[in-house]
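Geometric and topological summary
What follows is the residue order along each chain.
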Amino acid sequence: FFFFFFFFFFLYRIDNVVQKRYNEFLESGEKNMPKNIRSDVLKLAEKLMQDFLFYAGGKRLPSYRMLLRRYDCSRQTLTLALQELKQKGILRTEIRSGMFIREDSKVRQKRVLFLRVDWPCPHAELFSRRIRAEFRKRNFCAYSEIRYDSENLNVFLRSLDSSIADVLVLWLEKGDVEKVSILAHLDVPVVFFDSGMMLYNADILDLQQEMFGMMAAEYLLKKGHRKTAVIVTEPFGLTCRKKVTGFLNYMRVNGVEPRLIDCQLRNGEASEAQAEDFLEEYFQNNPFDFSGCFVTNSIPLMRLLKKKGDCFEKKFCIVNGSGLLNPALLDPSANILFDIDSAVVALVDGVEAILRGEPFGWRSIPPKLVIKSIEDTRKE
């Protein structure tokens, strides 16, 4: 009996000593942290914080072994990164039980989740980078981005609640009755970012993509083009439909019926290459009987015309509606561009207002028409 008593008492004392030394190590971690791993620790801490935002309060963290394998880092880097989060009030420690997410929401930063479709779209990638940079610069909330599969978005939306995010910024490319029903009953404020879907009293940042089509139509008509076409070289989602509808309606009001050429793309994967293949086959069987056209992304058409020679290319007046400047070798007659800086500032200002308890409302950022060549624009 005495043997077992002293044995377990010895183990208990050893455990206390180890735990005490461990806590002392954590508390002095930043002071003793080697300079060469400081940046690694901060990067990992930021990544962990973003990932842990999607854990419910009180949830126990995975084991050290699992975290080391998941984040592919050293034990020292992981230990110090966790200590960073503990000092920020995101984690708490229980002796012999592990680390847990803090239940008290007051010690946690407000969380903003940007949800966008997982398509390799150049303007979407640019918006993602600019939005992330603006949130980090202001540092009033914890910002995360998730890219969804458009076919499984409804399942994810049903799982959303205030334990995951305090504000949801949703870039929606496809809409249906089920999505409307789910979004209407969410208990998280939703900001529709440049989506064609509108809900009563919804918060909306509108990049006015119907104006892309209207501005292109006005430009072509002023240049004297009455035989025109609109070429859909992107997936025909909500925002793309707004561009095309704006162009068609403006032309029809002015007595012109354009030809509609839809490349029939259904997702964003390799869309430029697929559109170029479609157009090459299309124009083998159909004549170029128009002089001006509006293209939702002019790169596939410009590549095709380059193959036919510069003389053939110069016969057409092409307006690029991708929202970005195309490469210099593929210079269309005019470009309609997103006002990215204004849009990002308006979005982050609005989210900050929501977190203060103020309304976001409806914020509109019109596009810009650039008639100069790309080289002239770059010089400016």
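Here is a short report on the structure shown in this document. Because the structure is predicted, anything quoted here is derived from the model rather than measured.

A few points about the overall build of the chain
Counting its regular elements, the chain contains 14 helices and 14 strands. Burial statistics for the chain: of 380 residues in total, 48% are counted as buried. Sequence separation of at least 24 residues holds for 69% of the intrachain contacts in the chain that already meet a minimum separation of 6. Carbon and sulfur atoms make up 54% of the accessible area of the chain, which amounts to about 19,800 Å² in all.

Quick notes on the sheet that holds strand β7 (residues 203-206)
An order of β4-β3-β5-β6-β7-β13 is seen for the six strands of this open sheet, with the pairing classed as parallel. The strands lining the two open edges of the sheet, one partner per strand, are β4 (142-148) and β13 (362-364). Mean inter-strand twist for the sheet, computed between neighbouring axes without regard to direction, equals 15 degrees. Relative to strand β6 (residues 190-193), strand β5 (residues 167-171) runs parallel, the two being bridged by three bridges. The partner of L168 across the bridge, within β6, is V190. On the sheet, helix α5 (residues 122-138) packs against β3 (111-117), β4, β5 and β6 and is oriented at approximately 165 degrees with respect to β4. Where helix α13 (residues 340-355) meets the sheet, it contacts β3, β5, β6, β7 and β13, and its direction lies at approximately 150 degrees from that of β5.

Looking at the pattern of salt bridges
Scanning the model with the defined rule gives 22 salt bridges in all. In this structure, R138 engages E352 in a salt bridge whose closest nitrogen and oxygen atoms are separated by 3.3 Å. On the criterion of sequence distance, the pair formed by R138 in helix α5 and E352 in helix α13 is long-range, its members being 214 residues apart. Since its relative accessible area comes to 26%, R138 is described here as partly exposed. Of the charged contacts, one joins K307 and E276 as a salt bridge, the two residues approaching to 3.0 Å between their closest N and O atoms. Here K307 is found in helix α11 (residues 299-308), whereas its partner E276 is found in helix α10 (residues 271-285), with 31 residues between them in sequence. E276 sits in the buried class, given a relative accessible area of 11%. Three or more residues are tied together by salt bridges with common partners; here these are R116, E125, R132, E145 and R147.

Looking at the layout of surface pockets
Space inside the largest pocket adds up to approximately 450 Å³. In terms of lining, the largest pocket is formed by 28 residues, of which the most central are C121, P122, H123, E234 and N297. Sorting the residues of the lining of the largest pocket by element identifies β3, α5, α9 (238-253) and α10 as the ones contributing at least two each. The class makeup of the residues in the lining of the largest pocket is 13 nonpolar, nine polar and six charged.

Quick notes on the packing of aromatic side chains
Scanning the model with the defined rule gives 17 aromatic pairs in all. Considering the side-chain rings of W171 and F193, the 4.7 Å spacing of their centres and the 65 degrees angle between planes classify their relative orientation as edge-to-face. On the criterion of sequence distance, the pair formed by W171 in strand β5 and F193 in strand β6 is long-range, its members being 22 residues apart. Their ring planes at 25 degrees and their centres at 5.4 Å tell us that F247 and F294 sit as a pair that is stacked. With F247 in helix α9 and F294 in strand β10 (residues 292-295), this pair connects stretches of sequence that are 47 residues apart. With a relative accessible area of 0%, F294 lands in the buried category. The structure contains a cluster of three or more aromatic residues connected by ring pairs, namely F114, F127, W171, F193, F212 and F338. Across from the ring centre of F212, 5.0 Å away, lies the NZ or CZ of K243, which sits over that ring. Note that R363 overlies the ring of F360, its terminal NZ or CZ placed 4.7 Å from the centroid.

Things to note about unusual backbone geometry
Positive phi values are uncommon outside glycine, yet D72 reaches one of about 50 degrees. You can see D72 is positioned in the loop between α3 (64-71) and α4 (75-87).

Digging into helix α8 (residues 210-222)
Between its first and last C-alpha, α8 extends 19 Å over 13 residues, near the 18 Å set by a 1.5 Å rise per residue. Those residues of α8 hidden inside the fold are in contact with β8 (228-232), α9, β10, β11 (317-323), β12 (334-337) and β14 (368-370). Of the residues one or two after α8, G224 is the one with positive phi, at around 90 degrees.

Points about the sheet that holds β10
Strands sit in the order β9-β8-β10-β11-β12-β14 across an open sheet of six strands; the sheet is mixed. Of all strands in the sheet, those bounded by a partner on one side alone are β9 (259-262) and β14. When strand polarity is set aside, the average angle formed by the axes of neighbouring strands in this sheet is 20 degrees. For β8 and β10, the ladder comprises four bridges, and the chain directions are parallel. Within β10, the position partnered with V230 by the bridge is F294. Strand contacts of α9: β8, β9, β10 and β11, with the helix running at about 170 degrees to β8, the strand carrying the most contacts.

A few points about the side chain of E234
By the secondary structure assignment, E234 is in the loop between β8 and α9. K243 provides the closest opposite charge to the buried, unpaired E234, separated from it by 4.0 Å.

Conventions and cut-offs
Residues numbered from 1 in each chain as written. Predicted model: local features only at pLDDT ≥ 70, side-chain atom pairs only at ≥ 80, totals over all residues. Heavy atoms only, no water. Helix = DSSP H or I, 4+ residues; strand = E, 2+ residues; numbered from the N terminus. Buried < 20%, exposed > 50% of the residue type's maximum accessible area, 1.4 Å probe, protein only. Contact = heavy atoms within 4.5 Å. Areas by Shrake-Rupley, 256 points an atom, 1.4 Å probe, with all protein chains shown as cover. Pairing = 2+ DSSP bridges. Axes fitted to C-alpha atoms, helices over the stretch in contact; angles between N-to-C directions. Salt bridge = Lys/Arg side-chain N within 4 Å of Asp/Glu carboxyl O. 1 Å grid on protein atoms, 1.4 Å probe; cavity = no way out; pocket = protein on both sides within 12 Å on 5 of 7 lines; lining within 4 Å. Points joined across faces, edges and corners; volume = space filled by probe spheres on them. Nonpolar A, V, L, I, M, F, W, Y, C, P; charged D, E, K, R; others polar. Phe/Tyr/Trp six-rings, centres within 6.5 Å; stacked < 30°, edge-to-face > 60°. Lys NZ or Arg CZ within 6 Å of the ring centre and 35° of its normal. Expected span 1.5 Å × (residues − 1). Lys, Arg positive; Asp, Glu negative; His and termini not counted.

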